[in-house]
Amino acid sequence: MSDPANDESVGSTKRRKLLSLLGGGAAVTLAGCSGDQGSSDGGDGEDGEDGGDGEDGGDGEDGGDSGPTFADQAQAAWGRAVNNPLPEDEELRQEAYVEMEEAVRDDMALLPLYHGLTELFWYDYVDVPLTGALGKHWQQLNTTEVEGKDSLNLINSTFDELDPIMSTDTASSIVITQIYENLTAFPNGVPEIENQLLEEYEVSEDGTTWTFTLKEDVQFHGGETVTAQDVKYSWRRTVESGNSERATFTLNQPTGLGIEVETDDEGDPVPDSLAIEVVDDQTLEIQLSGPNPDVLDIIAYSSFAVLPEGYVGDIEGYDGEVSHDEFITNVANGTGPFELDEFNVDEDVSVVRNDDYWGETASVEAVNWEIIEDDQARWTYALEQNADRFEIPTFAYEQDAISAETDDRGREVGTYGPAGDLEEEVNYLGVSEISTYYFGFNISNTPRAARQAVAYALNKEQIVQQVFAGRGTPAYSFLPPAIWPTGQDGYQSFLDDYPYSLGENDSQGAQTVLSEADYTQDSPFEMTLTTYESEVFQTAGELVRDLLSGTGLDLSLETSQFSTLQSRGEDGDLQMYSLGWIWSWPAVPYGMFQLEPRNTDTSTMPGETNGFYLDWQTNLEEEAE
């Protein structure tokens, strides 16, 4: 077994060096360490001698006792996972990630609520491929057919840029996927990687050198033939452009590729030093800092989309054919099945068919998205058949109206309706996402007893059924069961050890753990839950508040715009909050990095750290550097 302390130091130094290159980002997760502290020292909230009472060092609340805290446990486990990247270390990494989950659970740094369910509905005159667990934003729409129409009309949310290295949201990704392409892809969001612009690849024996050969005769919308120089330029932008929000996916491991780069005295990347060598027009080679089994998955992410060399002049050596301001909304030049037609921010966006597409030419001449945020307005737009495929807001949703069967990918496929205002039967798809929606806690602002009390009081089955109309799966871990590191048997063991009254509203358990920390109905702890502007999360907050009434925890509710919630989280100005995380590729580290305690330090966000807004580093025995 490796030395956790040494691993932690090496891993953190490496991460900080890489993060120092970034200058932005948001995000998530962590890991744990030695022994069985979580199962023996208060994880159940019943043992007042070892941390369950919130008064001793075992819970990391006061540091009065010797021995590792849960944050120490998580930090050391993350270090072990990061510093043992070889294939033969896989079992060690799996165990480390599970230890992180145990530390998060036992310290209740974050309370998972549910794993998302994507539900799509479409009229019978539309023939669209089914999407998979990675989401609809992966779906290229060239194989969609619309009987009697020459265009496909959809609804989207607000976004304000089409630069692949700036895109961090689903709304922009949906459009970018039609215009730009990568070396690999998850077709229709099914988590099985396939080549896209890639013809073949080779990996060196030590796993650090990858050689990619591109498909021949692929052309950009502007007529230029795709070469390896275009790929190098596009990937350099992810690191060198001041507009990039995804440098970590290029530089970091295990959350990204880990391509080597030189840095200057300021810690910034030296221009054109990213370890990418163009061998010839069709071949390029990348050098990684360590072996990485997820390379093909990661390069499918939209930030690695390929555009013509020098198209935008935002890195050294290129003046740019277009300005970056133009590139954000007015022009685009990819290899996808559609070309950008028009983008009116906050109003609508449209793309038109690329008749010279190297793959299957689109059946429809255009795809149009009306940008609508309001749920009622979206529903009305869909009912009037202005949208050919749509989603149904929870207020109009009737679970009993679904008639579906499970296919070989575990998706529910069938029909919905007629129901409510929808007077006809439509097609239905329900697919469990690789996602987790959660309540997070700023550890500095919320004692462990309060965090645990919420976990005791909340019956996740109830909240999913009553608040979210059954549209999701109750979550007891941050990692969804579909990608649990030790498989389904391991996940079941994790559930068997779940300490917070699984499947019950245990107000007595909440009251007990609060009482042990000297919080009572007459002298309660006061805490505020901040939710973004989502009706269902506001309703969930009301349910939690009512369940905690009289237990020794007074919960107040407030709502906030999404962007404001993010900035307050980065300022450490939250106690309890709602957010979610959707995996862009099915790899455990992608997501878990946000739970590494030292990466949850809000005093260095955004930029140096990019974890969840937990301030969990304050519970480390040794002060975080």
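Structural notes, computed from the coordinates.

1. Some details on the overall build of the protein chain
The helix and strand tally for the protein chain stands at 17 helices and 22 strands. In the protein chain, buried positions account for 60% of the 625 residues. By sequence separation, contacts in the protein chain at least 24 residues apart represent 70% of the contacts at least 6 residues apart. Counting only carbon and sulfur atoms, one obtains 39% of the accessible surface of the protein chain, whose full area is about 23,800 Å².

2. Here's the deal with the pairing of strand S12 (residues 348-353)
Direction of pairing for strand S11 (residues 338-344) relative to S12: antiparallel, over a ladder of six bridges. Considered in S12, the bridge of Glu-339 is made with Val-352. Connecting the antiparallel pair S11 and S12 is a turn made up of three residues, with Asp-346 showing a positive phi of about 70°. With five bridges joining them, S12 and strand S13 (residues 366-371) adopt antiparallel strand pairing. The residue bridging Val-352 from the neighbouring strand is Ala-366, located in S13.

3. Focus: the pairing of S13
Examined bridge by bridge, strand S4 (residues 151-156) and S13 share six bridges and lie parallel to one another. Bridge pairing in S13 places Asn-153 opposite Asn-368.

4. Describing the sheet that holds S11
An order of S4-S13-S12-S11 is seen for the four strands of this open sheet, with the pairing classed as mixed. Of all strands in the sheet, those bounded by a partner on one side alone are S4 and S11. Averaged over all adjacent pairs, the angle separating strand axes in this sheet is 15°, with direction ignored.

5. Remarks on a negative patch on the surface
Together, Asp-124, Glu-147, Asp-421, Glu-423, Glu-424 and Glu-425 make up a negatively charged patch on the protein surface. Tracing the backbone shows Asp-421 in the loop between strand S16 (412-416) and strand S17 (426-432). Judged by its relative accessible area of 56%, Asp-421 is exposed.

6. Regarding helix H14 (residues 507-516)
Since the α-helix advances by 3.6 residues per turn, residues separated by three or four positions end up pointing in the same direction. Along H14, the residues classified as buried are Gly-509, Ala-510, Val-513 and Leu-514. Mapping the buried residues of H14 onto a view down its axis gives an arc of 130°, with all of them on the same face. On its buried face, H14 is in contact with helix H11 (448-457), helix H15 (535-548) and strand S21 (553-560). A positive phi of about 70° marks Asp-518, the residue just after H14.

7. Observations regarding the pattern of salt bridges
Applying the stated criterion across every chain, the model contains 18 salt bridges. Glu-240 serves as the salt-bridge partner of Arg-236, at 2.7 Å between the closest nitrogen and oxygen. Taken together, the residues Arg-236 and Glu-240, both in helix H6 (residues 228-240) and four residues apart, mark about one turn of the helix. Classification of Arg-236 as buried rests on a relative accessible area of 6%.

8. A look at the side chain of Thr-250
Structurally, the position occupied by Thr-250 is in helix H7 (residues 247-251). Setting aside residues up to four positions removed in sequence, Thr-250 forms contacts with Thr-238, Val-239, Leu-257, Gly-258, Ile-259, Leu-274 and Phe-304.

9. Some points on unusual backbone geometry
In this model, Gly-417 is joined to Pro-418 through a cis peptide bond whose omega is 0°. With phi around 70°, Asp-346 is a residue other than glycine that occupies positive phi space. Looking at the element boundaries, Asp-346 is found in the loop between S11 and S12. Although it is not a glycine, Asp-615 adopts a positive phi angle of roughly 50°.

10. Quick notes on helix H4 (residues 90-107)
The end-to-end C-alpha separation of H4 is 26 Å, in line with the 26 Å expected for 18 residues at 1.5 Å each. When we look at burial in H4, the residues that qualify are Arg-93, Ala-96, Tyr-97, Val-98, Glu-99, Met-100, Glu-101, Ala-103, Val-104, Arg-105, Asp-106 and Asp-107. Two residues or fewer past H4, Met-108 is found with a positive phi of approximately 50°.

11. Here's the deal with the packing of aromatic side chains
With the rule as written, the count across this model stands at 41 aromatic pairs. An aromatic cluster is built from Phe-121, Tyr-123, Tyr-125, Trp-379, Phe-390, Tyr-397, Tyr-416 and Tyr-428, whose rings are joined through pairwise contacts. The positively charged end of Arg-105 is found above the aromatic ring belonging to Phe-494, 4.7 Å away from the centroid. For Arg-471, the ring lying beneath its charged end belongs to Tyr-397, and the centroid distance is 3.7 Å.

12. Points about the environment of Ala-510
When you line up the elements, Ala-510 lands in helix H14. Judged by relative accessible area, which is 0%, Ala-510 ranks as buried. When the C-alpha atoms of Ala-510 and Gly-552 are compared, they prove to be 8.3 Å apart, with 42 residues separating the residues in sequence. Dropping the residues within four chain positions of it, Ala-510 is found in contact with Ala-453, Tyr-456, Ala-457, Leu-548 and Thr-551.

13. Examining the packing of helix H3 (residues 70-82) against H4
Two quantities define a packed helix pair, namely the angle between the helix axes and the distance between the axes. At a minimum axis separation of 8 Å, H3 and H4 run at an interaxial angle of 160°. With respect to their mutual orientation, H3 and H4 come out roughly antiparallel. Considering how the two elements wind past one another, H3 and H4 form a crossing that is left-handed. Of the residues in H4, those in contact with Phe-70, Gln-73, Ala-74, Ala-77, Trp-78, Arg-80 and Ala-81 of H3 are Leu-92, Arg-93, Ala-96, Tyr-97, Glu-99, Met-100, Glu-102, Ala-103, Asp-106 and Asp-107.

14. A few points about the sheet that holds strand S9 (residues 276-280)
On the basis of which strands lie adjacent, the open sheet formed by four strands has the order S7-S8-S10-S9 and antiparallel pairing. Only two strands of the sheet have a single neighbouring strand rather than two, namely strand S7 (198-203) and S9. Each strand of the sheet is rotated relative to its neighbour by a mean of 20°, with strand direction disregarded. Pairing analysis gives five bridges linking S7 to strand S8 (residues 209-214), with the strands arranged antiparallel. Residue pairing for S8: Glu-200 is matched across the bridge by Thr-213. Sheet strands touched by H6: S8, S9 and strand S10 (283-287). Its angle to S9, the strand with the most contacts, is close to 170°.

15. Brief notes about the side chain of Glu-240
Taking the relative accessible area as the measure of exposure, Glu-240 reaches 18% and is therefore buried. Of note is the side chain of Glu-240, whose polar atom sits 2.7 Å from the side chain of Arg-236. From its side chain, Glu-240 meets the backbone nitrogen of Asp-272 in a polar contact 3.0 Å long. With near-sequence residues (within four places) excluded, Glu-240 lies in contact with Val-270, Pro-271, Asp-272, Ser-273, Asp-314, Ile-315 and Glu-316.

16. Details of the packing of helix H12 (residues 460-467) against H15
The interhelical angle for the contact between H12 and H15, taken along N-to-C directions, is 140°, at an axis separation of 10 Å. Viewed along their axes, H12 and H15 adopt a mutual orientation that is oblique. Handedness of the H12/H15 crossing: right-handed. Where H12 abuts H15, its residues Gln-462, Ile-463 and Val-467 lie against Val-536, Thr-539, Ala-540, Leu-543 and Leu-547. A class-by-class count of the residues in the contact of H12 with H15 yields six nonpolar, two polar and no charged.

About the thresholds
- Residues numbered from 1 in each chain as written.
- Predicted model: local features only at pLDDT ≥ 70, side-chain atom pairs only at ≥ 80, totals over all residues.
- Heavy atoms only, no water.
- Helix = DSSP H or I, 4+ residues; strand = E, 2+ residues; numbered from the N terminus.
- Buried < 20%, exposed > 50% of the residue type's maximum accessible area, 1.4 Å probe, protein only.
- Contact = heavy atoms within 4.5 Å.
- Areas by Shrake-Rupley, 256 points an atom, 1.4 Å probe, with all protein chains shown as cover.
- Pairing = 2+ DSSP bridges.
- Axes fitted to C-alpha atoms, helices over the stretch in contact; angles between N-to-C directions.
- Patch = residues over 30% accessible without salt bridge, like charges linked within 9 Å, V, L, I, M, F, W, Y side chains within 5 Å.
- Salt bridge = Lys/Arg side-chain N within 4 Å of Asp/Glu carboxyl O.
- Lys, Arg positive; Asp, Glu negative; His and termini not counted.
- Charge placed at Lys NZ, Arg CZ, Asp CG, Glu CD.
- Arc of directions from axis to C-beta.
- Expected span 1.5 Å × (residues − 1).
- Phe/Tyr/Trp six-rings, centres within 6.5 Å; stacked < 30°, edge-to-face > 60°.
- Lys NZ or Arg CZ within 6 Å of the ring centre and 35° of its normal.
- Parallel < 35°, antiparallel > 145°, perpendicular 65-115°, else oblique.
- Left-handed = near helix turned anticlockwise from the far one by under 90°.
- Polar contact = N/O pair within 3.5 Å; in protein donor to acceptor, adjacent residues only side chain to side chain.
- Nonpolar A, V, L, I, M, F, W, Y, C, P; charged D, E, K, R; others polar.

Read these as geometric descriptors, not functional statements.
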